[in-house]
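# Topology and contacts: notes
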Amino acid sequence: MDDWEREKIRAANDGLRATLDAIHSEFDRELGELEGIQSKLAALTVRATSPNDLAQVTVNGSGTVTEVKIADDAFRRSTPRQLTEDINAAIRGGVEAVTQARAKILEPVQSVIDGMAGLDEVLPGMPSMRELRQRFSEFPTREQ
């Protein structure tokens, strides 16, 4: 192996090291911010009210309904079926609102992750984490 070949290998190795160092630095920076984001997610709650003001629900950051309040006069103003529909509508609204709020909180991290080089871009032949994440984020649709 001559000096030119050694220098070419050394340059490729230096380039790979620089790329990995940049990825590592960005990852460390994001981990530092992650604690604040986790605190925001843990504290996240959303209240949603049904269309007819018959029910109000509280949904936490993980999308779990933590409280349901029924209006004092709900049984006089509605039927059991209407009350059920209102409760379900409030739950759907709360879950949708918390999903949007979570996305907003996670937006800074997600934009950095999206901008980072993928493992397959740094090391040819490695699996693409973006493709894997995309595959698992697609929900199969069920016909009703």
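Here's what I pulled together on the structure shown here.

Definitions and limits used
Residues numbered from 1 in each chain as written. Predicted model: local features only at pLDDT ≥ 70, side-chain atom pairs only at ≥ 80, totals over all residues. Heavy atoms only, no water. Helix = DSSP H or I, 4+ residues; strand = E, 2+ residues; numbered from the N terminus. Buried < 20%, exposed > 50% of the residue type's maximum accessible area, 1.4 Å probe, protein only. Contact = heavy atoms within 4.5 Å. Areas by Shrake-Rupley, 256 points an atom, 1.4 Å probe, with all protein chains shown as cover. Pairing = 2+ DSSP bridges. Axes fitted to C-alpha atoms, helices over the stretch in contact; angles between N-to-C directions.

## Some details on the overall build of the chain
When its secondary structure is counted, the chain shows 5 helices and 3 strands. In the chain, which comprises 144 residues, the proportion classed as buried is 19%. For the chain, long-range pairs separated by at least 24 residues make up 49% of all intrachain contacts whose partners lie at least 6 apart in sequence. About 10,900 Å² of surface is accessible on the chain, with carbon and sulfur atoms providing 55% of the total.

## Regarding the sheet that holds strand E3 (residues 65-70)
Ordered in space as E1-E2-E3, the 3 strands form an open sheet in which the pairing is antiparallel. The open sheet is flanked by strand E1 (45-49) and E3, the only strands paired with a single partner. The average undirected angle you get between the axes of adjacent strands in this sheet is 15°. By the bridge criterion, 5 bridges tie strand E2 (residues 55-60) to E3 in an arrangement that is antiparallel. Bridging from a neighbouring strand, Val59 pairs with Val65 of E3.

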